[in-house]
Amino acid sequence: MKDLRIWGLKKSPWVYHLAAASCNNCDIEILELLTPRYDVERFGAVLVGSPRHADALLVTGVINRKSLPRVLEVYQQTPKPCLVIAIGTCACNCHIFRNSYNAVGPYDKYIPVHAYIPGCPPKPEAMILGVVKALSKL
Amino acid sequence: MSEEIKNQRIVPIGPYHPLQEEPEFFKLIVEGEKVVDLEIHLGYNHRGHEFISPELTYEQIPFLVERICGICSNSHPLACVLAIEDCVGIKLPARANYIRSIIHELERIHSHLLWVGLAGHFIGYNTVWMWAWRYREHILEVFEMITGNRNHYAANKPGGVRWDVKPEQVPMIEAALDLVEKKTMMLTKAVLDDPVIRARLEGVGILTREQAIAWSVVGPTARASGVDIDVRRDDPHCAYDQVPWNVIVLPEGDVFAKAKVRLLEIFESIKIIRGCLKDLSDGPIEISIDEVPPGEGIGRTEAPRGEVFHYIRSDGTNRPLRHKIRAPSYMNIASNVVAVRGGSIADAALTLAAVDPCYCCTERMAAFEDGKLKFSGKELLRLSWERTERLRERFKR
Amino acid sequence: MNESLKLLIERFPQAGVFEKNPRRLYIKIPRAELTAVAKFLHNERGMRLSICTGIDTREGFEILYHFSEDKTGIIYTIKVLVPKDDPQVDSLGPWFPAAQWIEREMHELLGVNFTGHPNLMPLLTSDTDWEPERKPLRRDYEQRSDIHERGN
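Residues numbered from 1 in each chain as written. Chains lettered and ligands numbered in written order. Predicted model: local features only at pLDDT ≥ 70, side-chain atom pairs only at ≥ 80, totals over all residues.

Trainee: I would appreciate a short explanation of the overall build of chain A in the present structure.
Mentor: When helices and strands are counted, chain A shows five helices and five strands. Each helix and strand of chain A, ordered N terminal to C terminal, gives the series α-β-α-β-β-α-β-α-β-α. Computed over C-alpha atoms, the radius of gyration of chain A comes to 14 Å, within 12% of the 14 Å expected from 2.2 N^0.38 for 138 residues, which places it in the range of a compact globule. Each of the three principal axes of chain A carries a C-alpha extent, and together these read 45 × 35 × 25 Å. The burial tally for chain A puts 52% of its 138 residues in the buried class. Counting only contacts in chain A whose residues sit at least 6 apart along the sequence, the fraction spanning at least 24 positions is 82%. (Helix = DSSP H or I, 4+ residues; strand = E, 2+ residues; numbered from the N terminus. Rg over C-alpha atoms; globule rule 2.2 N^0.38 Å. Buried ≥ 20, exposed ≤ 12 C-beta atoms within 10 Å, placed from the backbone. Contact = placed C-beta atoms within 7 Å.)

Structure follows, in structure tokens:
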């Protein structure tokens with residue numbers, strides 16, 4: 001059963017986008033993956049509206065104190081196995097906000113992260129490459 | 001109130017708005033089908049820029065403030081360096097000013113197209129979304145050509161600009177402008193002539209002129225309510241007083257007026273860029289600033305969302321004593337409290353998005369009646385789409 | 001001289017004006033005159049409140065109110081000095097909705113009390129993971145060393 005789920009995940013990953021205290025640049029680049037220029041839907045990747053339907057979490061932003069409980073709750077709601085992909089330098093290592101009183105990230109302090117795609121913001125091509133690499137490791 | 005939040009299940013909303021997912025960010029208090037009040041809960045994006053800024057030097061700060069917002073990532077550095085230059089009291093070379101205006105207006109075009117796309121997605125016209133974002137890509141390519149990055153291009157520095165517009169790049173900029181102008185014209189006609197879109201947007205979320213003044217709103221939100229303000233004209237900076245262009249003001253105050261203002265501003269921006277490219281003279285693109293004397297400076301510019309305001313207090317060292325940052329959405333989002341009242345729940349999602357919120361986020365909304373969760377955010381979006389469908393049926397007959 | 005500035009000086013002789021440049025005026029006023037000056041600038045002269053800034057200085061808390069006269073492009077920055085042992089000032093919130101959010105922010109990040117504010121609740125900081133006594137914009141704010149270890 002697990003192999004079937006992994007196969008489904010690899011063939012058509014349903015991704016849920018979660019941003020916690022981000023500047024939204026990475027988030028817009030993620031949305032741009034859906035637009036005609038990059039069009040990830042031809043790979044079967046679909047952006048879903050609920051973490052309960054998600055195979056992969058695309059996480060962005062440096063988490064802040066108010067968002068942290070919500071981030072943890074979303075992660076708990078996502079059925080496992082789930083791939084967590086940290087997009088953007090903020091999600092990888094807090095970036096320029098590491099000295100802020102309100103920033104408590106990065107994500108790998110609280111949830112397991114499977115792939116890191118640095119960049120501010122990473123190019124859409126880099127994001128596609130990162131997601132494909134993460135999937136191929138499954 | 002915190003007990004209520006703990007008891008409600010968190011149903012995250014999908015990415016109809018590219019901002020983060022937070023629960024109960026906008027709490028609509030409803031009675032039946034009407035929205036009677038709105039509670040706004042902020043703080044999910046607060047990263048403490050004003051706390052970090054005094055630790056950085058004046059050269060480093062534009063890189064920090066660029067990352068306040070990803071969509072208007074040029075407006076904050078521009079206002080910030082204008083504040084530093086106001087404190088020092090210098091005039092820039094002409095070429096630097098013209099390049100600043102070109103980059104700033106390119107940003108306005110791509111930001112307005114982004115909003116138009118999202119507004120289309122909100123009301124169920126996904127084709128508008130795809131078209132608007134597709135032609136936005138051409139502007140991002142121009143940015144990549146000039147500065148090396150699609151967003152967060154760090155074009156401004158205290159004393160000038162960091163990237164020059166080379167003569168061989170000008171034909172590509174002009175080609176992109178011609179294409180975007182043609183496609184925006186097509187999009188504008190399609191949007192403004194569509195009876196369903198008009199029925200959906202007209203009369204929705206009205207912010208009266210008196211309310212706009214009492215809440216000190218800025219940008220297209222104010223100009224769509226008849227308040228004739230634009231920092232580019234009122235407090236001239238860069239090259240805005242050197243090229244001819246118009247301020248778009250409409251009196252109705254509803255979401256349709258806001259959409260029209262933004263679409264028409266795209267054409268004005270194209271006009272400004274063409275004027276700047278024509279008058280671009282040779283010369284240096286920067287002057288060096290040796291030190292920032294003790295004192296204070298204020299810099300402001302017209303971001304796509306309105307006036308962005310930066311204040312710097314200097315104590316003579318190479319780091320500021322205090323750096324105050326105010327994004328335009330700070331004033332605009334607060335005014336939603338009056339704009340949504342009396343409207344239906346389906347229209348509330350649209351009204352909240354109509355101010356084109358940036359810095360703070362609007363994506364997460366829920367409607368409550370008698371303290372109980374009635375509609376989650378995803379359902380609000382579905383209500384909006386259903387309403388559009390009903391209007392489509394009505395107009396077909 | 002600008003018309004609004006002339007009337008301001010006539011009406012409030014205690015105001016100390018510093019003209020940094022033709023479009024940036026900085027005007028010091030006593031704390032007690034704040035509401036009257038703000039009403040004059042907004043209600044009578046039609047100025048828009050851009051934002052307020054709170055600064056922790058040696059002399060006390062300086063609260064700056066930045067009013068924009070859009071017709072002329074001039075920014076009138078009203079400065080009020082508030083002593084640290086009595087950090088309060090009249091709120092503009094009851095009659096001026098535009099000031100409500102920034103006063104809440106200054107209250108939670110700097111620690112100045114705005115008397116008469118309709119809802120002086122925190123605006124930005126966390127409701128579960130933050131002590132309200134901590135004021136990050138004060139000069140004596142101590143960044144705790146465990147700040148990056150917290151997370152639950």
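And the narrative resumes.
Trainee: Could you clarify how one ought to interpret the interface of chain A and chain B in this entry?
Mentor: Much of the literature gives interface size as the accessible area that the parts lose upon coming together. At the junction of the two partners, chain A supplies 38 residues and chain B supplies 35 residues. When contributions to the side of chain A that touches chain B are tallied by element, the ones reaching two or more residues are β1 (14-19), α2 (25-32) and α3 (68-77) of chain A. With five residues, α2 of chain A is the largest single contributor of residues to the side of chain A that touches chain B.

Trainee: I keep staring at the environment of Arg392 of chain B and nothing clicks. Help me out?
Mentor: Residues and elements named next belong to chain B. Take Arg392: it is sitting in helix α16 (residues 377-396). With 16 C-beta atoms packed within 10 Å, Arg392 lands in the partly exposed category. Counting along the chain gives 82 residues from Arg392 to His310, while the straight-line C-alpha distance between them is 45 Å.

Trainee: Looking at this model, I keep getting lost on the interface of chain A and chain C. Mind explaining?
Mentor: Listed as interface residues are eight residues of chain A and, on the opposing side, nine residues of chain C. Considered class by class, the residues forming the side of chain A that touches chain C number five nonpolar, no polar and three charged. (Nonpolar A, V, L, I, M, F, W, Y, C, P; charged D, E, K, R; others polar.)

Trainee: Looking at this structure, how should I read the nonpolar core?
Mentor: A general trend in soluble globular proteins is that nonpolar side chains are found buried together. Judged by nonpolar contacts, the single largest core of 189 residues is most densely connected at Val59, Ile85 and Ile87 of chain A. At 14 residues, the largest contribution of residues to this core is made by helix α5 (residues 94-122) of chain B. Counting residues domain by domain, this core receives three or more from each of domain 1 (2-45 + 332-396) and domain 2 (53-204 + 231-240 + 269-330) of chain B. (Core = buried A, V, L, I, M, F, W, Y, C linked by C-beta atoms within 7 Å. Domains from an automatic or database assignment.)

Trainee: Whenever I open this one, helix α7 (residues 170-193) of chain B confuses me. Can you help?
Mentor: Since there are 3.6 residues in each turn of an α-helix, residues three or four apart along the chain are aligned in direction. All names here are of chain B. Relative to the 34 Å expected for 24 residues at 1.5 Å per residue, α7 spans 34 Å between its end C-alpha atoms, a close match to the ideal helical length. If you check which residues of α7 are buried, you get Ala176, Leu177, Val180, Thr184, Leu187 and Val191. Looking at the buried side of α7, the elements it contacts are α5, α6 (126-147), α8 (195-201) and α12 (255-279). (Expected span 1.5 Å × (residues − 1).)

Trainee: Looking at this model, I keep getting lost on the domain arrangement of chain B. Mind explaining?
Mentor: Residues and elements named next belong to chain B. Each assigned domain of chain B is listed here: domain 1 (2-45 + 332-396) and domain 2 (53-204 + 231-240 + 269-330). If you look at the interface, domain 1 gives 23 residues, while domain 2 gives 22 residues. Elements with a minimum of two residues in the side of domain 1 that touches domain 2: α13 (328-334), α15 (345-354) and α16. Sorting elements by how many residues they give to the side of domain 1 that touches domain 2 places α16 first, with seven residues. Class assignment for the residues of the side of domain 1 that touches domain 2 results in 13 nonpolar, six polar and four charged.

Trainee: Just to check I follow, could you spell out the environment of Asp70 of chain C for this structure?
Mentor: Here Asp70 of chain C shows up in the loop between β4 (60-69) and β5 (74-82). With 22 residues separating them along the chain, Asp70 of chain C and Arg48 of chain C place their C-alpha atoms 7.5 Å apart. If near-sequence neighbours (up to four positions away) are discounted, Asp70 of chain C is found in contact with Ile229 and Asp234 of chain B together with Arg48 of chain C.

Trainee: When you look at the packing of α6 of chain B against α7 of chain B in this model, what are you seeing that I'm missing?
Mentor: Each pair of packed helices can be summarised by the angle the axes make with each other and by the distance between the axes. Residues and elements named next belong to chain B. At a minimum axis distance of 10 Å, the contact between α6 and α7 shows a crossing angle of 165°. Judged on the interaxial angle alone, α7 and α6 are roughly antiparallel. Note on packing geometry: the crossing formed by α6 with α7 is left-handed. Seen from α6, the contacting residues are Val128, Trp131, Ala132, Tyr135, His138, Ile139, Glu141, Val142 and Met145; seen from α7, they are Met172, Ile173, Ala176, Leu179, Val180, Lys183, Leu187 and Val191. Here the contact of α6 with α7 is composed, by residue class, of 14 nonpolar, one polar and two charged. (Axes fitted to C-alpha atoms, helices over the stretch in contact; angles between N-to-C directions. Parallel < 35°, antiparallel > 145°, perpendicular 65-115°, else oblique. Left-handed = near helix turned anticlockwise from the far one by under 90°.)

Trainee: Explanation requested: the packing of α5 of chain B against α15 of chain B in the structure shown.
Mentor: All names here are of chain B. Put simply, α5 and α15 touch, their axes get as near as 10 Å, and they point 175° apart. Viewed along their axes, α5 and α15 adopt a mutual orientation that is roughly antiparallel. Contacts from Leu118, Ala119 and Phe122 in α5 reach Ala349, Leu350 and Ala353 in α15. Classifying every residue of the contact of α5 with α15 gives six nonpolar, no polar and no charged.

Trainee: Just checking my understanding: could you explain the sheet that holds strand β5 (residues 115-117) of chain A for this structure?
Mentor: Hydrogen bonds along the backbone pair up the strands of a sheet, which may run parallel or antiparallel. Residues and elements named next belong to chain A. If you walk across this open sheet you meet the five strands as β2-β1-β3-β4-β5, and the pairing is parallel. Looking at which strands have only one partner, the edges of the open sheet turn out to be β2 (46-47) and β5. As defined by bridge partners, strand β4 (residues 83-87) adjoins β5 across three bridges and the pair is classed as parallel. Each bridged residue has a counterpart across the sheet, and for Ile87 the counterpart in β5 is Ile117. (Pairing = 2+ DSSP bridges.)

Trainee: Would you take a moment to explain the sheet that holds strand β5 (residues 295-303) of chain B for this structure?
Mentor: Residue and element names in this part refer to chain B. If you walk across this open sheet you meet the three strands as β5-β6-β7, and the pairing is antiparallel. Both outer strands of the open sheet, β5 and β7 (320-326), are each paired with one neighbouring strand and no more. Adjacent strand axes in the sheet meet at a mean angle of 10°, parallel and antiparallel pairs treated alike. The sheet contact formed by strand β6 (residues 306-314) and β7 spans six bridges and is antiparallel.

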